[in-house]
Amino acid sequence: MLVKILKAFSVVTFFLWCLLHSSHSEHVHVHVLPRRAGDFSRNDDVYKELQQHDKEDSPDKWRTEEEMAAEAAILKKYFQEN
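Residues numbered from 1 in each chain as written. Predicted model: local features only at pLDDT ≥ 70, side-chain atom pairs only at ≥ 80, totals over all residues. Heavy atoms only, no water.

J.: Could you give an account of the overall build of the protein chain, naming the residues involved and the relevant values?
T.: Looking only at helices and strands, one finds 3 helices and 2 strands in the protein chain. The linear arrangement of helices and strands in the protein chain, starting from the amino end, is α-β-β-α-α. Burial statistics for the protein chain: of 82 residues in total, 20% are counted as buried. Counting every atom, the protein chain has about 6,700 Å² of accessible surface; 55% of that belongs to carbon and sulfur. (Helix = DSSP H or I, 4+ residues; strand = E, 2+ residues; numbered from the N terminus. Buried < 20%, exposed > 50% of the residue type's maximum accessible area, 1.4 Å probe, protein only. Areas by Shrake-Rupley, 256 points an atom, 1.4 Å probe, with all protein chains shown as cover.)

J.: Could you give me a rundown of a nonpolar patch on the surface, with the residues and numbers involved?
T.: Taken together, the side chains of Leu-2, Val-3, Trp-17, Leu-19, Val-28, Val-30, Val-32 and Phe-79 present a nonpolar region at the surface, about 690 Å² in accessible area. Within the residue set of the nonpolar patch, elements represented by two or more residues are helix H1 (2–9), strand S1 (14–20) and strand S2 (29–35). By secondary structure assignment, the location of Val-30 is in strand S2. (Patch = residues over 30% accessible without salt bridge, like charges linked within 9 Å, V, L, I, M, F, W, Y side chains within 5 Å. Salt bridge = Lys/Arg side-chain N within 4 Å of Asp/Glu carboxyl O.)

Written out as structure tokens, the structure reads:
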């Protein structure tokens, strides 16, 4: 059901689910990455990007609380309707 809802929300080919825990983080979190065929020239480069993602201390690259809340509100409607 989750994949069906996420596919309806975003035009994607497939998803990558990644459970992350690192020594510099005190929590475990999940990345759900919508993927499209050819989005990385080398498919495994996505893992390099993930490793760097949480090390980037550049808030200007992060979505704002407002952006995430708006996306969550849209997704909430999909979950309630399905």
